[in-house]
Amino acid sequence: MDKICLSEEIYKMIKFFLLMNKQGQIRLCRYYEPMEIQKRTLLESDVIKKCLSRTKDQCSFVEYKDFKLVYRQYAALFVVIGIDDAENELAVYELIHNFIEVLDKYFSRVCELDVSFC
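Residues numbered from 1 in each chain as written. Predicted model: local features only at pLDDT ≥ 70, side-chain atom pairs only at ≥ 80, totals over all residues. Heavy atoms only, no water.

J.: Before we move on, can you summarise the overall build of the protein with the specific residues and values?
T.: Scanning the protein for helices and strands turns up four helices and five strands. N-terminal to C-terminal, the α/β element order of the protein is α-β-β-α-β-β-β-α-α. Scored against the burial criterion, the 118 residues of the protein give a buried share of 33%. Across the protein, every contact between residues at least 6 apart in sequence was considered, and the portion connecting residues at least 24 apart equals 42%. Put simply, the protein shows about 8,000 Å² of open surface, and 56% of that area lies on carbon and sulfur atoms. (Helix = DSSP H or I, 4+ residues; strand = E, 2+ residues; numbered from the N terminus. Buried < 20%, exposed > 50% of the residue type's maximum accessible area, 1.4 Å probe, protein only. Contact = heavy atoms within 4.5 Å. Areas by Shrake-Rupley, 256 points an atom, 1.4 Å probe, with all protein chains shown as cover.)

J.: Describe helix α2 (residues 37–52), and please don't skip the residues or the numbers.
T.: Under the 1.5 Å per step criterion, the end-to-end length of α2 is 22 Å for 16 residues, consistent within 8% with the ideal 22 Å. If you check which residues of α2 are buried, you get Leu43, Glu44, Val47, Ile48 and Cys51. For α2, the buried positions fall inside an angular range of 135° around the axis, keeping them on one side. Away from its buried face by more than 90 degrees, α2 exposes Gln38, Lys39 and Lys49. Buried-residue contacts for α2 involve β1 (14–21), β2 (26–31), β3 (61–64), β4 (67–74) and β5 (77–83). (Expected span 1.5 Å × (residues − 1). Arc of directions from axis to C-beta.)

J.: Any chance you could break down the nonpolar core for me, citing the residues and the numbers?
T.: Among the nonpolar cores identified, the biggest contains 15 residues, and Phe16, Leu43, Val47, Leu69 and Val80 are the most heavily contacted of them. At the level of elements, β1, α2, β3, β4 and β5 are the ones that each hand at least two residues to this core. Sequence-distant contacts of Leu69, that is, excluding residues within four places in its chain, are made with Phe16, Val47, Lys50, Ser60, Phe61, Val62, Tyr64, Val80, Ile81 and Gly82. (Core = buried A, V, L, I, M, F, W, Y, C linked by side-chain atoms within 4.5 Å.)

J.: Kindly report on the sheet that holds β2, identifying the contributing residues and their values.
T.: With antiparallel pairing, the five strands of this open sheet are ordered in space as β2-β1-β5-β4-β3. Strands at the two margins of the open sheet, each flanked by one partner only, are β2 and β3. Looking at each pair of strands side by side, their axes are set apart by 20° on average, direction ignored. Pairing of β4 with β5, which is carried by seven bridges, proceeds in the antiparallel orientation. Residue pairing for β5: Arg72 is matched across the bridge by Val79. Lying on the sheet, α2 is in contact with β1, β2, β3, β4 and β5; it crosses β1 at an angle near 60°. (Pairing = 2+ DSSP bridges. Axes fitted to C-alpha atoms, helices over the stretch in contact; angles between N-to-C directions.)

Below, the structure is given as C-alpha cells:
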C-alpha cells in the first residue's frame, strides 16, 4: 500500500513535458494527467506565448494557473515542464539539462530534426 501512495505522489509532481521550437511548434509532448484535446491545445498555446515572450534575462520559472512552468532554451529548442507547486524548480531545471545531455550523446549534437523524426 505504501508503494501505491508513493507512486501516486510521483505521478502528480510532473504534469506535462513539452519540447517546442522558436516558432512555437510543438515537437514533442507528454502529459502525465488525463486532459481533453481542447484543453491541451489551449494549454500549449498559452505556454508557448508565456515562454517565447520572455527574455533570456528573466527567470526560467513561471507561475501559471495552479502549477509552475520550468523551461530552458537550447539553441532553437525550448524544453518546458509543468510541475505542481510542491516540486523543486531547480531539480526540474537540472532534469531538463540532463535530458538534453542524453539526447546530445545519443544523436551527437541534437537538433530539432532529431527530435521531430525519432
